[in-house]
Each structure stands twice: as structure tokens, then as C-alpha cells.
Amino acid sequence: MANYRLAHPLYLDVQMMVSFLAYLEGGVYVSSEETLQKEKMRDSASVQAGAVRLPSLGALLGLEASLSAEGGVHVGETAETKVARHHTAASLFNGLYSFLRTDGAITSLNTQEELETVSTGDFVELSGRYTGNPLEETLAVFSQFLAYMEDMAAGVEGAKAQRSSSRKSGNPQVRESVSAEGDGQWSNIVEEFQRFNTSIEMRILRKMKEELEASPIHDVVLETSAGVKAVLTVASDYYDSAVAERLSSGDFVVLGKVTRILQEGEVIDLSRRTVMGKMGEEGESFTSSMTSLPGFKLQSGEPVVRFPAVQVLPMAIFV
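Residues numbered from 1 in each chain as written. Predicted model: local features only at pLDDT ≥ 70, side-chain atom pairs only at ≥ 80, totals over all residues. Heavy atoms only, no water.

Trainee: Any chance you could explain the layout of surface pockets here in plain terms?
Mentor: It is a probe the size of a water molecule, rolled over the atoms, that shows where empty space is left. In this model, the largest pocket occupies a volume close to 850 Å³. Lining the largest pocket we find 31 residues, and of these Gly132, Asn133, Glu136, Glu137 and Tyr239 sit closest to its centre. A total of six residues in the lining of the largest pocket trace back to one element, the largest contributor, which is helix α5 (residues 134-167). Here the lining of the largest pocket is composed, by residue class, of 12 nonpolar, eight polar and 11 charged. Sorting elements by how many residues they give to the lining of the second largest pocket places helix α3 (residues 89-102) first, with four residues. Broken down by class, the residue content of the lining of the second largest pocket amounts to seven nonpolar, three polar and one charged. (1 Å grid on protein atoms, 1.4 Å probe; cavity = no way out; pocket = protein on both sides within 12 Å on 5 of 7 lines; lining within 4 Å. Points joined across faces, edges and corners; volume = space filled by probe spheres on them. Helix = DSSP H or I, 4+ residues; strand = E, 2+ residues; numbered from the N terminus. Nonpolar A, V, L, I, M, F, W, Y, C, P; charged D, E, K, R; others polar.)

Trainee: Please explain the nonpolar core as it appears in this structure.
Mentor: One recurring pattern in soluble globular proteins: nonpolar side chains tend to sit buried together. One finds Leu126, Leu232, Tyr239, Leu247, Val310 and Ile317 to be the most contacted residues of the largest nonpolar core, which totals 25 residues. Only β1 (9-12), β5 (123-132), β6 (217-224), β7 (229-235), α9 (241-247), β8 (251-261) and β11 (309-318) provide two or more residues apiece to this core. Setting aside residues up to four positions removed in sequence, valine 310 forms contacts with Leu109, Leu115, Leu126, Lys229, Ala230, Val231, Val258, Arg260 and Ile261. With 17 residues, the next largest nonpolar core counts Met16, Leu96, Leu100 and Ile106 among its residues. (Core = buried A, V, L, I, M, F, W, Y, C linked by side-chain atoms within 4.5 Å. Buried < 20%, exposed > 50% of the residue type's maximum accessible area, 1.4 Å probe, protein only. Contact = heavy atoms within 4.5 Å.)

Trainee: Would you explain the side chain of asparagine 110 in this entry?
Mentor: With respect to the helices, strands and loops of the structure, asparagine 110 is situated in the loop between β4 (107-108) and α4 (112-115). Of the polar contacts made by the side chain of asparagine 110, one reaches the side chain of serine 108; its length is 3.2 Å. Each residue touching asparagine 110, except ones within four places of it in the same chain, is listed here: Glu125, Leu126, Ser127, Thr224, Ala226 and Val228. (Polar contact = N/O pair within 3.5 Å; in protein donor to acceptor, adjacent residues only side chain to side chain.)

Trainee: How should I be thinking about the packing of aromatic side chains in this particular structure?
Mentor: Aromatic ring pairs are defined here through the distance separating the ring centres and the angle between the ring planes. Per the counting criterion, the structure on display carries five aromatic pairs. Taking the centre distance of 5.7 Å and the plane angle of 65 degrees together, the rings of phenylalanine 20 and phenylalanine 123 count as edge-to-face. Of this pair, phenylalanine 20 sits in helix α1 (residues 14-25) while phenylalanine 123 sits in strand β5; the two residues are 103 residues apart in sequence, bridging distant segments of the chain. Among the residues examined, phenylalanine 123 registers a relative accessible area of 12% and is labelled buried. For the pair phenylalanine 93 and tyrosine 97, a centre-to-centre distance of 5.6 Å together with 5 degrees between the ring planes defines the contact as stacked. On the criterion of helical spacing, the pair formed by phenylalanine 93 and tyrosine 97 is a turn pair, its members being four residues apart in helix α3. Counting every residue linked through ring pairs, the aromatic cluster contains Phe93, Tyr97 and Phe318. The positively charged end of lysine 257 is found above the aromatic ring belonging to phenylalanine 123, 5.9 Å away from the centroid. (Phe/Tyr/Trp six-rings, centres within 6.5 Å; stacked < 30°, edge-to-face > 60°. Lys NZ or Arg CZ within 6 Å of the ring centre and 35° of its normal.)

Now the structure itself:
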């Protein structure tokens, strides 16, 4: 069985990783070049004197050979190539991760018992289900829902205008048909949406979404199978919508530094990157009742993380 473990990082704080590597290795080499030489002797009665190229594969690798022979004698064959090797961010991470594991520098943090043994600043590894940020997910889905409602409102208004025009028709049958149709089952919801769309609550929601998207740090959550939650403070430079989609509802491993350990009664509000999150209980009450728009219902957890939990500055989230 292979004695190595290959990790594929979906989120990687390259600056943190390179800093650690530079300290441990006295600098970081991201590329190297080496020259390979090969010589062998073979009997070749059929080779004619002169220069002969290697087959096409050798040409693809940058190899050239010079063959000289006289019938029935040994032939000398030499080949030389220069090979440039380049590290990727993922390959550098695998090297660092392997070293740290072998050196015993990583502390496992998956259970409440293990949580009681770690301290701020410890290098820890957790594995569990990525649950993201319920608040960010709620606002994103809410925004998508509003786009649907705007299209629906435009359709209802268009239908109303058409019916209004038909009521003025000189054909009695057309007027009677329009009167029987009514405004449709979505009219009431659309009217409530239009009122809500211009409300103070809607303005606050839009502002919260803008604040979260503009923040240089995002709070996302990973929960271990033993119920320990980790709030991961990921950097926006390495975390975008594509990374979030890849991480969505999967099981992953996190490697990072502990920055806070929650005690009983303490919480981390996932709306803390917004003005509402800095308002304390009033802001928490608002974010817990954001789904008041008729026809909108989202199954999502509350935007608060409670004990037992830890805050981690992640270097990598990988599988």
C-alpha cells in the first residue's frame, strides 16, 4: 500500500502556506532544472554510418541521438535532455502537509474531549460536513427569489393591462370573458411583494448582502461527526462562489490555526461582518425573521454558532 497521502485543496491560503514552507526550508523553490544524460552500447550490423534521429517520442521529449557505425560493430548511443520541474500550489501544500503529519506537528480536533486539550495558536486538523454560512445562503436564495418575483410581477402587470384593454372592447363577448377571468391566483402575492420590495426591511437585506460580499473575510462553518463546530475565517482572495459551490454539502478536512475557543454561553454571530451583526440582540432578531415575504420559505440554520465550537484560521480545506 502507498505510504503517501495526496490531498486536493479546494481552498488554499497560499500566503500562509508559502510563509511556513519558507521558514522550514530556508526559502521556497517553485521550479528546478536538471540535465539527464544516457549512454548505452548495442550491436547494430544494420545501421549505416551517419546521423540518425531518435523516434518521434524522443523528439517530443527533446532528445537527439548521434549514431555512427560500421557493419557488425558496437554502436555508441548518447542522449541528453534538460528537464524543468515546476511546483504548483497544490504540490507545495502536499509536501508541507506530509512533513507536518510526519513530524507530529498537527493536533486532531474532532471531539469535545479533544477540544478541551487545544489552545489558541495550535495547528489543528478537523474533518466533517461543510455547512457554509446560513446567513449568506439565505440572502443569496432570497435575492434569487426576488428576481423570480420581479419577473412574475411584470407578467401579472402585463396581463392586467391586457385585460383592461379588453374590457374596453366593443365586443360584448370579449368583455364578458375578461370579467370571468379575474386577476389570477398570484395577484395577491405579487401585490404583497411590491409593497415589501420598497420597504425598509428590503433595503436592509440588500445592504447586508452587499456588506457580506464586500468583506475581505467570510465566516463559514464545518461540523464534525461528534458535533464540534468550527467557524472558518476564510480570506476572500482565495474564496469565491466557485469554491463555495465545490464545498457545498460535502465532507472535507480543514488544516489551520486556532484563533478562538468558545466557552459555555458564548456564541459567534455569523452576521458580524455587517452593521446588523454589530447591533447585538436587535440585529440577531432581525436576521432570524428575514423570511417574512409571502411565498418564501427557506430551510436553513440560525446564523449563530454556539458551544462546543472553535474559530479557526484555515490554511487549507481539502479532500
